[in-house]
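# Coordinate inspection notes
The primary structure of each chain is shown beneath.
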Amino acid sequence: MSAQIIDGKVFAAQLRSRVAGQVKRLKEDHRITPGLAVVLVGADPASEVYVRNKGRQTTEAGMSSFEYKLPTDTSQADLLALIERLNSDPEVHGILVQLPLPKHLNADLVINAIDPAKDVDGFHVSNVGLLGTGQNAMVPCTPLGCLMMLRGHLGDLSGLEAVVVGRSNIVGKPMAQLLLGANCTVTMAHSRTRDLASICRRADILVAAVGRPKMIRGDWIKAGATVIDVGINRVARDGKPHLVGDVDFSSAAEIAGAITPVPGGVGPVTIACLLANTVTACCRAHGLPAPEGLAV
Ligand code: NDP
């Protein structure tokens, strides 16, 4: 293996420590405690684990954590009423509605009911528009974390060829916008892309956000490229559940210059970015500049 491993756990720990430092400063200098509200509807076990982790890391960073666990049959009206309450609660600076929502709820309507200034997931259409036009937005946590790791590893990204595989609203599209904003030459690929392998081979930066285990192999990668594997796929190995990325790690690590592992790559940084976004939202709500290193 020749690639350098970009260790998401180490990166996330450093980011969480910067967040905790900013929280301390906000408390001491301004008597403000940033607060994050997380809303979970239903009892999806994976979502429950995510929500628990988010709550724990929020309090560990010194912030207030508000958790709302609602039954699966919660009505759209009741959920919207809760969001309205959180929108007007001055102790809540960030609101996250855990996705996916049960089928009877309209996720677009719910997300767009969140005050854009508190939309720490960055999924509200206003934030999508702000990001697309290069203005101060709340940026979705996963692509924000990917950009931070890329900058941490490569420094200035200007002029680099970036290929993003996957065009979802939560990862692929905002990732491409961020890379464009960082002056990369960006190609977006998806399920209808022709000759994906040769497009991937062009990339100095290759971001895989597909949801297909080990789809991108070493011979699709340019020598020395930086590979960010966003995929989280549950597969069975020796009869036990196992997590793998969208990139075939062992063959990719032979040729890439640097690569994020799965698990322990993008995943931990995503939650740390949620905390960073909450601090950014809190600062902006109080007319303070967003702290250096927590926002883009
Ligand atoms: P979506 O299913 O919403 O999007 C997948 C994208 O991949 C689509 O744009 C789709 O193309 C494209 N795609 C599917 N098959 C192929 C193919 N054979 N060749 C090229 N492109 C293909 O997924 P998400 O963006 O939500 O998530 C992607 C992965 O990232 C998942 O594994 C998910 O679990 C993981 N993830 C990880 C996070 C983290 O914190 N690390 C956070 C969020 C997601 P088309 O549009 O044409 O259908």
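Parameters and conventions
Residues numbered from 1 in each chain as written. Predicted model: local features only at pLDDT ≥ 70, side-chain atom pairs only at ≥ 80, totals over all residues. Heavy atoms only, no water. Near = heavy atom within 4 Å. Polar contact = N/O pair within 3.5 Å; in protein donor to acceptor, adjacent residues only side chain to side chain. Areas by Shrake-Rupley, 256 points an atom, 1.4 Å probe, with all protein chains shown as cover. Nonpolar A, V, L, I, M, F, W, Y, C, P; charged D, E, K, R; others polar. Domains from an automatic or database assignment. Contact = heavy atoms within 4.5 Å. Buried area = accessible area lost by both parts, 1.4 Å probe. Salt bridge = Lys/Arg side-chain N within 4 Å of Asp/Glu carboxyl O. Helix = DSSP H or I, 4+ residues; strand = E, 2+ residues; numbered from the N terminus. Axes fitted to C-alpha atoms, helices over the stretch in contact; angles between N-to-C directions. Parallel < 35°, antiparallel > 145°, perpendicular 65-115°, else oblique. Left-handed = near helix turned anticlockwise from the far one by under 90°. Pairing = 2+ DSSP bridges. 1 Å grid on protein atoms, 1.4 Å probe; cavity = no way out; pocket = protein on both sides within 12 Å on 5 of 7 lines; lining within 4 Å. Points joined across faces, edges and corners; volume = space filled by probe spheres on them. Patch = residues over 30% accessible without salt bridge, like charges linked within 9 Å, V, L, I, M, F, W, Y side chains within 5 Å. Buried < 20%, exposed > 50% of the residue type's maximum accessible area, 1.4 Å probe, protein only.

Within the structure, the ligand sits among 22 residues, and Arg 167, Ser 168, Ser 191, Arg 212 and Thr 270 are positioned closest to it. One of the side-chain nitrogen or oxygen atoms of Arg 167 is found 2.7 Å away from an oxygen atom of the ligand. Within the backbone of Val 230, a nitrogen or oxygen atom sits 3.5 Å from a nitrogen atom of the ligand. Here the ligand, which alone exposes 930 Å², has 71% of that area covered by the protein. Of the residues assigned to the shell around the ligand, the class counts are ten nonpolar, ten polar and two charged.

As a further point, take the domain arrangement of the protein. The parts lose accessible area when they come together, and the size of an interface is often stated as this lost area. Each domain of the protein was delimited in the assignment, giving domain 1 (30–135 + 269–285) and domain 2 (141–267). At the junction of the two partners, domain 1 supplies twelve residues and domain 2 supplies 14 residues. Summed over the three residues of domain 1 that lose the most area to domain 2, namely Leu 131, Val 269 and Thr 270, the buried surface amounts to 48% of that side. Scanning the region where domain 1 abuts domain 2 turns up zero salt bridges. Summed over the shared surface of domain 1 and domain 2, the number is five residue pairs in polar contact (both at pLDDT 80 or more). Secondary-structure elements contributing two or more residues to the side of domain 1 that touches domain 2 are α5 (125–132) and α10 (266–285).

Moving on to the packing of helix α2 (residues 45–60) against α10. Contact pair α2 / α10: the axes reach a minimum separation of 10 Å and the direction vectors enclose 50°. Classified by the interaxial angle, the pair formed by α2 and α10 is oblique. The element α2 and its partner α10 pack so that their crossing is right-handed. Each of Asn 53, Lys 54, Gln 57 and Thr 58 in α2 lies in contact with α10, whose residues at this interface are Ile 271, Leu 274 and Leu 275. Grouping the constituent residues of the contact of α2 with α10 by class yields three nonpolar, three polar and one charged.

Let us look at the sheet that holds strand β2 (residues 35–41). Within the open sheet, the three strands sit side by side as β3-β2-β4. Their pairing is parallel. Edge positions in the open sheet fall to β3 (64–70) and β4 (94–97), since each of these has one partner strand only. With strand direction ignored, the average angle separating the axes of adjacent strands in the sheet is 15°. Inspection of the sheet shows β2 paired to β4 by four bridges, in the parallel sense. By the bridge assignment for β4, Val 39 is matched with Val 97. Packing against the sheet, α2 makes contact with β2, β3 and β4, and its axis sits at approximately 160° to β3.

Taken as a whole, this structure holds one cavity of 30 Å³ or more when the rule is applied. Of the voids in this model, the largest cavity is the one considered here, and its volume is about 40 Å³. When residues of the lining of the largest cavity are assigned to their parent elements, the largest contribution, three residues, is made by α10. Residue classes in the lining of the largest cavity are distributed as six nonpolar, two polar and one charged.

On the surface, a cluster of nonpolar side chains totalling about 270 Å² of accessible area is made up of Met 1, Ile 5 and Phe 249. As for its position among the elements, Met 1 is in the segment before β1 (4–5). Under the relative-accessibility criterion, Met 1 is labelled exposed at 61%.

Right, let's get into the pattern of salt bridges. Inspection of every chain in the model, using the stated rule, returns four salt bridges. In this structure, Glu 60 and Arg 56 form a salt bridge, with 3.5 Å as the shortest nitrogen-oxygen distance. Here Glu 60 pairs with Arg 56, and both are found in helix α2, just four residues apart, close to one helical turn. Exposure remark for Glu 60: the relative accessible area of 56% places this residue in the exposed category. Judged by its relative accessible area of 40%, Arg 56 falls in the partly exposed class. Across the pair Asp 219 and Arg 217 runs a salt bridge whose closest N-O atoms are separated by 3.4 Å.

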